[in-house]
Amino acid sequence: MLYNSKKKLRLGEILIKNGLISPVQLEEALVIQKDWGSRLGDVIMARGWVTSKKFYHTLAEHFDMPFVDFYKEPAEPTLLKSALYGQYLEHLVVPYKHHEGRLMVAIADIGDASMQFAENEFGRDVDYVMTSKFDIIWHLQACGKEFFNHTAVHALSFARPKQSAKQVFTVQQLIQIGLILSAMFGIFVYWPTASLIALNIFAGLFFLINYFFKATLAWVGSHRKVDMRITDRMLANLDDASLPLYTVLVPMYKEAKTLPIIAASLRKLDYPKSKLDVKLVLEEDDQETIQAAKDLGLESFFEIIRVPHSLPKTKPKACNYALNFARGKFLTIYDAEDKPEPQQLKKALITFAQSAEDVICVQARLNYFNSTENWMTRMFTLEYSIWFDYFLPGLDILRIPIPLGGTSNHFKMDKLREIGLWDPYNVTEDADLGMRITQLGYRVGVVNSTTYEEATGALGNWIRQRSRWVKGYMQTYLVYMRHPIDTYRTLGHAGFWGFQMFVGGTIMTTLLLPFMYGMYFFWLITQTMALDSYFPPIVLYMSLFNLLMGNGFFIYVYMLGAFKRHNYTLIPYALTAPFYWMLLSLAGYKALWQLVFNPFYWEKTTHGLTHFVHEELDLPENQNAKT
Amino acid sequence: MQKRKSHRVLEFFILATALFSVLMVWLLSHDYHSEYSLRVWAKILAFGGNDFRLEDSGILFPYVPFYLFWGVTKFPGLHTEYVSYLLSILAAAGVFAHWNTFLVKKGYRLKERLLLATLVISHPFALWGITSGLNNALTFAVFYMFCFGVVRLVLLRDLHSILFLTASLAAFFLTDDRSMYLAIVMFPFIPLIAPDRMLKESLSSVYVILLTPFAFAFMSWMYLNWMFHNDPFMFMHAPEAMYNGVWQNSDQYSWLNQWGGDWIASIGYSFWLSLLATPATIWMIWRNRMHERVLHTAPKLFLMPAFAAAIGTVGFALFHAVDVLFMQMAVFMTALLLLPRLRGNSMKTLLGLLLLGNFGGWWIMHTSDAPQLNKWKAAILHSVPDSTSDVQLAKFLNEQHYSTLIDERAGYRVIAAKGNVTNLVLPFRVEVKLVDKYFLKTVDQLAILNPNHRLSVVDAIGKKYEGIYWGGWEGFHLVYDDQQWRIYRRNDIESLAAKK
C-alpha cells in the first residue's frame with residue numbers, strides 16, 4: 001500500500017516552510033510551470049533552487065512516506081529482473097528490499113503510469129518508500145551494468161549482423177579483393193603500358209564524375225529554400241507546454257576541463273529545462289571527469305552515466321549504453337566542446353513536424369568557433385562549411401543517404417531503438433547510422449541550425465581525427481557493399497550511386513590524389529615526355545579538365561562556404577586547399593593501414609587546445625583534454 | 001499545375017523554334033553563310049579525317065560553340081554545316097521560352113507577351129544575334145543567362161544566384177571572344193550589382209566571389225596555351241586568334257578609322273548607338289529611378305555592352321559596334337523582369353519605344369558597311385551568292401586527285417565548299433608543322449592565298465615562303481589562278497605518276 005497520501009500542505013508550501021525556496025521563487029515556478037507544462041518539482045529542480053535529494057525528501061514528507069537514501073541504505077540487487085530494466089527506468093520504480101516479510105518498493109515518480117506499473121509488477125501488498133530519481137538510476141547502473149553493457153556492444157551484431165562492422169572484411173570480400181588485385185598484377189606484368197593507361201582512364205573518369213556529382217550537390221544545396229526551413233515566426237508559434245521530453249547525450253572521455261563549456265551551452269538551450277534529460281556519458285575509469293561533473297553542482301536535468309570498461313571502447317558503445325537510461329521522446333548528441341545554437345532543439349522538432357513521417361533523424365549544421373586560430377583550423381572550417389551548408393542539404397534534396405556528422409543529430413527515440421542504435425565497432429558510427437536509416441526505408445533531414453565546435457588545430461591531432469573518420473567511412477563502405485544488390489534495392493538508384501560517390505568517392509579521392517598530383521608535379525618540374533605514352537589524347541584532356549575545372553571548382557566552393565558563413569577573412573585561404581587535400585590523403589593512407597591492422601581502434605582527438613577554450617574557461621594554455 | 005506550366009514552356013519553345021527556323025531557312029535559302037560557322041565546319045571536316053588533338057585547333061578561340069557543333073555532328077544524319085544554325089535556333093528559342101515563363105510570372109497576358117516578343121525578335125540587334133551564326137546565338141543566350149543571374153541575385157539574394165551568375169560568367173569566357181572586352185567593364189561593375197548588405201559587409205569578398213570563376217577560366221586558358229604552345233598569351237596575339245577580332249585587318253573597316261583609337265569618340269559613338277537602338281531600356285531606367293532595385297542594377301547592365309563596345313572600338317577589334325551592342329537586347333529582356341508589371345499607358349509607351357528602337361536599329365544596320373553585316377542584310381532581301389573564288393577552287397580540287405597543301409585557316413571557305421578534306425594536306429597537324437619543307441617536296445600541289453586578301457595573315461604557307469604567291473616555287477608551275485587563289489603543281493607530277 002502507498003503510505004498516507006493525504007495532503008496536509010501543498011508541495012510548494014512545504015518547500016517554503018522548510019526554507020528551501022522563497023515565496024517569490026514559488027510564484028515564479030508556478031508561472032513557469034504553466035508555460036512549460038511540467039510538474040512543479042521538475043521546474044524547481046531544473047532551476048537548481050533545490051537539490052534533488054532535498055526535493056525528494058520534501059516530496060516524501062508531502063506524501064507522508066519514508067525517504068530512503070540508497071547510498072546509505074543500499075537496495076537488494078537480487079530483486080531486480082533484467083528484463084524489466086527498461087521499465088524500471090521509464091517509471092522510476094524499483095523493488096527496494098524485503099522488510100519483515102513484505103516487499104518494499106522505492107519510487108521517485110508518483111504518477112498513474114508508475115503506480116500502475118508497480119501494482120502490476122509487485123502486486124498491491126507492498127510498502128512504498130520514496131527515493132530520488134538519481135538513486136534509482138545509480139542503483140540500476142550498478143546492478144545492471146553487465147546487462148546494459150552486453151546490449152550496448154552486441155545488440156546490433158546479434159540483431160542485424162549484416163549491418164555490423166564487427167567483421168571488417170567478409171570472406172567473400174577478401175576473395176573478391178584478392179582476385180581483383182591478382183588480376184591487376186597479372187595484367188600489369190603482361191601489358192604494363194596498357195594497364196597504366198587503363199588506370200589513368202579509371203582515375204580520370206572517377207574524378208570527372210566526382211566533380212559533376214559534387215557540383216550538383218553544391219548547386220542544389222545552395223538553393224535559398226535550404227535556409228528558409230525554420231523561421232523565427234515558426235519558433236514563436238511553438239508552445240513550450242506541448243514540447244516533449246528531450247534526451248541529450250554528451251559522451252566524453254577525459255574532458256574534465258571542457259565540461260563547463262557544454263554545461264553552459266546546454267543551460268542556454270531555449271527549451272524547458274524540466275523537459276531536458278541530459279546524460280553526461282562518462283567512462284567508469286575516467287574519475288577525473290566524473291569528479292569534475294560532480295563538482296560542477298549541475299542541475300537535476302543533468303545525469304551522469306558511468307560506462308563500464310569493455311571493448312571496443314568507442315563513443316558509439318558509450319552512447320548505446322547511455323541510451324538504456326534515456327527517457328526522452330527525442331534525442332540528440334553533443335560533444336564536450338560543443339556550442340549548439342540555443343533554439344536548435346525547437347528547430348529540430350519543427351523540422352520533424354514539417355517532414356514526412358519517415359524522417360527519423362535531423363542533422364544540424366556543424367561549424368567551428370576557433371576558425372581563425374591557424375591555417376589548419378581555417379581549412380577545417382572551410383571544409384565543414386561546404387560539407388554542412390551545401391553538400392548535406394544537397395544530399396537531402398536529392399534523396400541520397402546522409403552520412404551524419406559526429407554531433408547534433410536529432411532522432412526520434414523509438415525509431416532509433418528500432419533501427420538498432422549505433423554500431424559500436426564502427427569508428428564513424430554516425431555515417432553508418434545515416435546509411436542504415438536510409439536502407440531501412442527511413443530518411444534523414446537537415447535543419448538550419450548550427451553547432452559550433454572546436455577545430456583541431458594541431459597537425460598530429462588532426463591526422464588522428466581524420467584517419468579515424470576515413471577509416472570509419474571505409475568500414476561503412478565495406479559493410480554496405482557486402483551485398484551490393486541488396487544495397488541497390490534498398491537505397492534505390494540515386495541512393496546507391498550517391499552512396500558510391502559520397503562515401504566511396506571520398507575514400508577514393510584521398511587515396512588517388514597523391515598519385516595524380518605526384519605525376520603532375522613530376523611532369524611540371526622535369527617537363528619529361530616519359531609520361532606521354534600513358535596519356536593518350538582523350539585521357540590527357542580529361543586529366544586537364546579535372547586539373548583545371550575540378551580543382552578550380554572545389555577551391556571556389558570552399559570560398560563560397562566561407563562567404564555564406566560571413567567568414568570573409570577565410571576566403572583567400574581557399575586557394576591553399578590543395579595542400580589541405582594532400583593532408584587528407586596522408587590521413588587516408590593511415591586509415592587504410594589501420595583498417596587492416598587495427599580496425600576498431602578509436603584514435604583520440606585532443607580537445608581544449610585552442611586559446612578560445614582557454615579564454616572562455618580562464619585556463620592556462622598547457623591544459624587540455626582528450627575525447 | 002506543374003505539368004501545365006511545363007507544357008506552356010514547351011509550347012512557347014516549339015513556337016519560337018518554328019519561327020526562328022523560318023527566319024533561318026529564309027536566310028540560308030538566300031545563300032547566307034556565317035563566317036564563324038564556315039570556319040568551324042572546315043575545322044570539323046579537317047579534324048574528322050585525322051587523329052584529332054585539342055591542341056591542333058590552336059586553342060585560339062572560345063571552345064564551347066566549337067565543341068557543341070562538333071559534338072552534335074557526330075550524331076547520325078547530322079554531319080552537316082547546318083547543325084550550326086540548328087543550334088542557334090535552339091539556343092535562341094530556349095532564351096525566349098525562358099523569358100516568356102518569367103513574363104507569365106509577372107502577370108503579362110498572352111497578347112502582351114506576343115507583342116513584346118515580336119518587337120524584340122524583329123529588332124535587328126536580336127535578329128542578328130539569333131540568325132547570324134552559332135557564336136552570336138550562344139553569346140546572346142549566355143549573356144542573357146548572365147543578366148538573368150544578376151536579376152535573380154538582386155531579387156533573391158541567395159548563393160544559388162551567385163553560383164548561377166558566376167557560372168554564366170565563366171561560360172561566357174569560354175563561349176565568346178568578345179567576353180574579353182566585357183570582362184574589362186565587368187571588373188568594376190559586376191560586384192556593385194550585389195545586394196547592398198553584401199557590399200557593406202565585405203566589398204573585397206564580393207569581388208573575389210563574383211570574379212574568381214572568370215579569373216579561373218582565363219588562367220586555365222592561359223595554362224593551356226602555355227602547355228601546348230609555350231606562350232600563355234598566344235590566344236591574344238596570334239594572328240588567327242579570334243580574341244583579336246578584326247584587328248589584323250582593321251584598315252578595311254572605314255568606321256573603325258573614324259571612331260577607333262579615340263576613347264571619347266568610341267564611348268560617345270557606342271552610347272549614341274545604344275540610345276538609338278534601345279530607348280526602351282533607357283526609358284525603363286528613368287521611369288523607375290525611384291525603384292531602388294532597378295536603379296541599382298539595370299544601369300550597370302546597360303553600361304556593360306555599351307562600354308565593352310567602346311573598348312572593342314578603341315582597340316580596333318570590332319567589325320562594327322553592333323558586334324557587341326546586340327547584347328543590349330538581352331539587357332532589355334532581363335531588365336523588364338526586374339520591374340513591376342507595366343500596364344496601361346506605361347505598357348503602350350514601352351511598346352512604342354521598342355518600335356522606335358526597331359527603326360533606330362535598322363537605321364544603324366543600314367548605315368553600316370561592314371562586310372559581315374552587309375551579307376546578312378542582303379540575304380534578308382535577296383540571294384547573296386557565296387565567294388565564287390573559294391567555290392571555284394573547291395570545285396577544281398574536287399575534280400582532280402592530286403595531293404594539295406593548303407592552310408585550313410586561310411582556306412576554310414574552300415574546305416567548307418569542298419565538303420571534305422580528301423587529298424588535302426593541312427598544316428594543323430603537328431607532323432606537318434615540324435617538317436613542312438619535307439611536305440613541299442612531297443605534295444603534288446600548293447594552294448596559296450593572295451597576300452592582299454584579309455585572310456593572308458593566317459596563311460602559314462604564304463607567310464613562311466614569302467613571295468611564293470607571285471613567284472611560285474622551284475619545281476612547281478602555276479595551274480590555277482582566280483586572283484584570290486593560285487595553285488602551283490609539281491613539274492614532275494606526270495613522270496612521278498607514270499612511275500607509280
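## Side note on the packing of helix α18 (residues 459-480) of chain A against helix α19 (residues 484-526) of chain A
Residues and elements named next belong to chain A. As a packed pair, α18 and α19 sit with axes 10 Å apart at the nearest point and diverge in direction by 145°. For the element pair α18 and α19, the recorded crossing hand is left-handed. Only T487, F499, V503, G504, T506, I507 and T510 of α19 make contact with α18, whose side of the interface consists of V470, Y473, M474, T476, Y477 and Y480. For the contact of α18 with α19, the per-class residue count stands at eight nonpolar, five polar and no charged.

## Re the interface of chain B and chain A
Accessible area lost upon the coming together of the parts serves often as the stated size of an interface. Taken residue by residue, the interface counts 17 residues in chain B and 16 residues in chain A. Residue composition of the side of chain B that touches chain A, by class: nine nonpolar, five polar and three charged.

## Topic: the sheet that holds strand β7 (residues 330-333) of chain A
Overall, mixed pairing links the eight strands, which are arranged β6-β5-β4-β7-β10-β9-β11-β8 (chain A) in an open sheet. Two strands bound the open sheet, and with one partner strand each, they are β6 (302-307) and β8 (339-340) of chain A.

## Digging into helix α20 (residues 371-381) of chain B
Looking only at α20 of chain B, the buried set comprises Q372, L373, W376 and A379 of chain B. The buried side chains of α20 of chain B occupy one side of the element, clustering within an arc of 130° when seen end-on.

## Concerning the sheet that holds strand β3 (residues 127-130) of chain A
Within a beta sheet, neighbouring strands are joined by backbone hydrogen bonds and run either parallel or antiparallel to one another. All names here are of chain A. In spatial order, the strands read β1-β2-β3; together these three strands make up an open sheet with mixed pairing. Both edges of this open sheet fall to β1 (93-99) and β3, since each of them pairs with a single strand only. Averaged over neighbouring strand pairs, the angle between their axes works out to 30° when direction is ignored. Summarising the sheet, strand β2 (residues 102-107) and β3 pair through four bridges and their orientation is parallel. Across the sheet, I107 pairs through a bridge with M130, a residue of β3. Lying on the sheet, helix α6 (residues 112-122) is in contact with β1 and β2; it crosses β2 at an angle near 155°.

## Digging into the nonpolar core
Looking at soluble globular proteins, one finds that nonpolar side chains tend to be buried together. In terms of nonpolar packing, the biggest core is built from 313 residues, with V281 of chain A together with A92 and F140 of chain B touching the most fellow members. Per-domain counts for this core show at least three residues from each of domain 1 (2-30 + 61-381) and domain 2 (388-499) of chain B. For A92 of chain B, the residues in contact, after removing those within four places along its chain, are F20, I130, A137, F140 and A141 of chain B.

## Some remarks on the domain arrangement of chain B
Residues and elements named next belong to chain B. Per the domain assignment, the segments of chain B are domain 1 (2-30 + 61-381) and domain 2 (388-499). Summarising the inter-unit geometry, the C-alpha centres of domain 1 and domain 2 are found 39 Å apart. Taken together, the six residues of domain 1 in the interface contact five residues of domain 2. Partitioning the side of domain 1 that touches domain 2 into residue classes produces one nonpolar, three polar and two charged.

## Section: helix α2 (residues 23-36) of chain A
Owing to its 3.6 residues per turn, the α-helix brings residues three or four apart onto one side. Residue and element names in this part refer to chain A. With 14 residues, α2 ought to run about 20 Å at 1.5 Å a step, and its terminal C-alpha atoms sit 20 Å apart, in line with that. Within the sequence span of α2, burial applies to L26, A29, I32, Q33 and W36. One side of α2 carries all its buried residues, which in axial view fall inside an arc of 125°. Away from the buried face of α2 by more than 90 degrees, exposed residues P23, V24, E27, L30, V31, K34 and D35 are located. Tucked inside the fold, the buried residues of α2 contact α1 (11-17) and α3 (40-46). Directly after α2, the chain includes G37, whose backbone phi takes a positive value near 70°.

## Overview of the confidence of the model for chain B
Residues at a pLDDT of 70 or more form 90% of chain B, whose mean pLDDT is 84. The complex model carries a pTM of 0.83, and its ipTM stands at 0.83.

## Observations regarding the confidence of the model for chain A
Close reading of the predicted structure is inappropriate where its pLDDT is low. Residue and element names in this part refer to chain A. This prediction gives chain A a mean pLDDT of 87; 95% of its residues lie at or above 70. When the criterion is pLDDT under 50, residues 1-6 qualifies, and its contacts beyond four places in sequence or with other chains add up to ten contacts. Taken together, the stretch residues 619-627 has pLDDT below 50 and engages in 31 contacts with residues farther than four places along the chain or on a different chain.

## Regarding the packing of helix α3 (residues 63-73) of chain B against helix α4 (residues 83-106) of chain B
Residues and elements named next belong to chain B. Following both chains from N to C, one finds α3 and α4 inclined at 115°, their axes separated by 10 Å at the closest point. Crossing of α3 over α4 shows right-handed handedness. Here L68, F69, V72 and T73 of α3 come into contact with α4, specifically with V83, S84 and L87. Residue composition of the contact of α3 with α4, grouped by class: five nonpolar, two polar and no charged.

Calculation notes
Residues numbered from 1 in each chain as written. Chains lettered and ligands numbered in written order. Predicted model: local features only at pLDDT ≥ 70, side-chain atom pairs only at ≥ 80, totals over all residues. Axes fitted to C-alpha atoms, helices over the stretch in contact; angles between N-to-C directions. Helix = DSSP H or I, 4+ residues; strand = E, 2+ residues; numbered from the N terminus. Left-handed = near helix turned anticlockwise from the far one by under 90°. Contact = placed C-beta atoms within 7 Å. Nonpolar A, V, L, I, M, F, W, Y, C, P; charged D, E, K, R; others polar. Pairing = 2+ DSSP bridges. Buried ≥ 20, exposed ≤ 12 C-beta atoms within 10 Å, placed from the backbone. Arc of directions from axis to C-beta. Core = buried A, V, L, I, M, F, W, Y, C linked by C-beta atoms within 7 Å. Domains from an automatic or database assignment. Expected span 1.5 Å × (residues − 1). pLDDT = per-residue confidence, 0-100.

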